[in-house]
Amino acid sequence: MTVRIMGTGSALPERQVTNEELARMVDTSDEWIRERTGIGGRHVSTGETVAELAARACMEALTDAGKEAGQVELLLVATCSPEDATPCAACQVQDRIGAGNALAFDLNAACSGFLFALHTAWAYITAGIYNNALIAGSEVLSKIVDWEDRSTCILFGDGAGAVYVEKSEDGGIISFVQHSDGSRGDVLSCGSRQIRSPYFSGDSRKMEIRMDGREIFSFAVRQVPKAVEEGLEKAGLAVSDVELFVLHQANKRIIEGIARRLSADCEKFPMNLQKTGNTSSASIPILLDELNRNGSLKRGMKIVLSGFGAGLTWGACVLEW
């Protein structure tokens, strides 16, 4: 018995922000951004919340799978940018879509979040606790971006992606690999609500994203290929057996660097970051939904998913579509 993706969905804010528009705010240019990142534009919330975007993506995934919200048994939302500390985004999504029979909670592993949530759902289902799950990655990063920092504000976008999974006797998830390194957490960080009470006073952290781009690049290009190879070894497959590598959409140069390390054809690494930017935990399911809806995914295809980001966290999943 395994766990198989049966439906996909995605949701993006209506407002699109081009590189040229950012160039009127900070010292940058469309050419500079495209050359270093591959990003040409991104979607930015004008009021859409993490829960709202996740709910829209979840409903699309359910429709694609031919399922009703009341049938969902487990609902997970991966996010590092919720509007509320409580209730969690997953509980808000549960209410929005009418999934009253589902257990709902959030996970935060930043850009690896969707992958970690997928593995969590796999564990619940293969343990026999639940039969299916609805998993979303949803982010509104525009509220935690420093719009005066040209090194980070050009990178990130808002959006959500979702998948519906259920137990299956064939195909589906073959192997998983997950890693974390908390000792390097300062390489990519963002402060949240600080301690404020009559009993404590201290310096507050910046509540916007701070990133060492060179360190992140080095980390991703070095560790992601190792994780992919580890996952393939567990699955009894070789790099040449994989038809598509669906990676976290952080940076075109990073993805190309990973492809070179794996000695794999760049054509096997689809990208949509040119129009979405880096949507953190939402990037893999958004791209999966795009590939699913344009007919690129065929049953039986061997696919690798891989995410990497703050924490530091990274991992890979090998599956048969």
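Structural data are supplied above this passage.
The model shown is predicted, which means the values in this text are computed figures rather than measured ones.

**Student:** Teacher, can you tell me more about helix H8 (residues 252–261) here?
**Tutor:** A turn of α-helix holds 3.6 residues, and therefore any two residues three or four places apart point the same way. Along H8, the positions that sit buried rather than exposed are Ile254, Ile255, Gly257, Ile258 and Ala259. In this structure, the buried residues of H8 make contact with helix H7 (213–235), strand S11 (244–247), helix H9 (273–276) and strand S12 (302–309). By the N-cap criterion, in which a side-chain oxygen at the helix start approaches the backbone nitrogen of a residue two or three places on, H8 is capped by Asn251, the distance to Arg253 being 2.7 Å. Within two residues after H8, Ser263 carries a phi angle of roughly 55°, on the positive side.

**Student:** Help me understand the nonpolar core, please; the structure alone is not making it clear to me.
**Tutor:** Soluble, globular proteins show a tendency: their nonpolar side chains are buried together. Membership of the largest hydrophobic core comes to 47 residues, with the highest contact counts inside it found for Val228, Phe245, Ile258, Leu262, Phe269 and Phe308. Elements with a minimum of two residues in this core: H7, S11, H8, S12 and strand S13 (313–320). In terms of residue count, H7 provides more of this core than any other element does, 9 residues in total. Contacts of Val228, omitting those with residues within four sequence positions, involve Phe245, Leu262, Val304, Ser306 and Ala316.

**Student:** Is there a simple way to explain the sheet that holds S11 in this structure?
**Tutor:** Backbone hydrogen bonds are what pair the strands of a sheet, in a parallel or an antiparallel way. Read across the sheet, 4 strands follow the order S8-S13-S12-S11 without closing on themselves; strand pairing throughout is mixed. Edge positions in the sheet fall to strand S8 (172–180) and S11, since each has one partner strand and no second. Strand after strand, the sheet turns through a mean of 15° between neighbouring axes, direction not considered. Sheet topology places S12 next to S13; 8 bridges connect them, and they run antiparallel.

**Student:** So what exactly am I meant to see when it comes to the sheet that holds strand S5 (residues 103–107) here?
**Tutor:** In spatial order, the strands read S1-S7-S6-S4-S5; together these 5 strands make up an open sheet with mixed pairing. The sheet is open, and its two borders are formed by strand S1 (2–11) and S5, each paired with just one other strand. For this sheet, the mean inter-axis angle between neighbouring strands, taken without regard to orientation, is 20°. Note: strand S6 (residues 132–139) against strand S7 (residues 159–168), 8 bridges, orientation antiparallel. Looking at the pairing, Glu139 lines up with Gly159 of S7. Here helix H4 (residues 89–97) sits on the sheet and contacts strand S4 (74–78), S5 and S6; the angle it forms with S4, its principal contact strand, is near 125°.

**Student:** Looking at this structure, I do not really get the side chain of Thr279. What am I missing?
**Tutor:** The residue Thr279 is located in the loop between H9 and helix H10 (283–293) in this model. Here Ser283 takes part through its backbone nitrogen, which lies 3.1 Å from a polar atom of the side chain of Thr279. If we ignore the near neighbours within four places in the chain, the residues touching Thr279 are Glu139, Leu141, Gly157, Asp158, Gly159 and Ile286.

**Student:** Sorry if this is basic, but what is going on with the packing of helix H3 (residues 50–65) against H4 here?
**Tutor:** When two helices pack together, their arrangement is given by the angle between their axes and by how far apart the axes lie. As a packed pair, H3 and H4 sit with axes 9 Å apart at the nearest point and diverge in direction by 55°. With respect to H4, the axis of H3 lies oblique. Of the two possible hands of crossing, H3 and H4 adopt the one that is right-handed. Touching Val50, Ala51, Glu52, Ala54, Ala55, Cys58, Met59 and Leu62 of H3 are Ala89, Gln92, Val93, Arg96 and Ile97, all from H4. Counted by class, the contact of H3 with H4 contains 10 nonpolar, 1 polar and 2 charged residues.

**Student:** What am I meant to see in the pairing of S7 here?
**Tutor:** Looking along a regular strand, one sees side chains alternate from face to face of the sheet. Counting buried positions along S7 yields 9 of 10 residues, so the element is predominantly enclosed. With 9 bridges joining them, S1 and S7 adopt antiparallel strand pairing. The residue bridging Thr2 from the neighbouring strand is Ser168, located in S7.

So, how was this worked out
- Residues numbered from 1 in each chain as written.
- Predicted model: local features only at pLDDT ≥ 70, side-chain atom pairs only at ≥ 80, totals over all residues.
- Heavy atoms only, no water.
- Buried < 20%, exposed > 50% of the residue type's maximum accessible area, 1.4 Å probe, protein only.
- Helix = DSSP H or I, 4+ residues; strand = E, 2+ residues; numbered from the N terminus.
- Contact = heavy atoms within 4.5 Å.
- Polar contact = N/O pair within 3.5 Å; in protein donor to acceptor, adjacent residues only side chain to side chain.
- Core = buried A, V, L, I, M, F, W, Y, C linked by side-chain atoms within 4.5 Å.
- Pairing = 2+ DSSP bridges.
- Axes fitted to C-alpha atoms, helices over the stretch in contact; angles between N-to-C directions.
- Parallel < 35°, antiparallel > 145°, perpendicular 65-115°, else oblique.
- Left-handed = near helix turned anticlockwise from the far one by under 90°.
- Nonpolar A, V, L, I, M, F, W, Y, C, P; charged D, E, K, R; others polar.

Function cannot be read off these values alone, since they describe shape.
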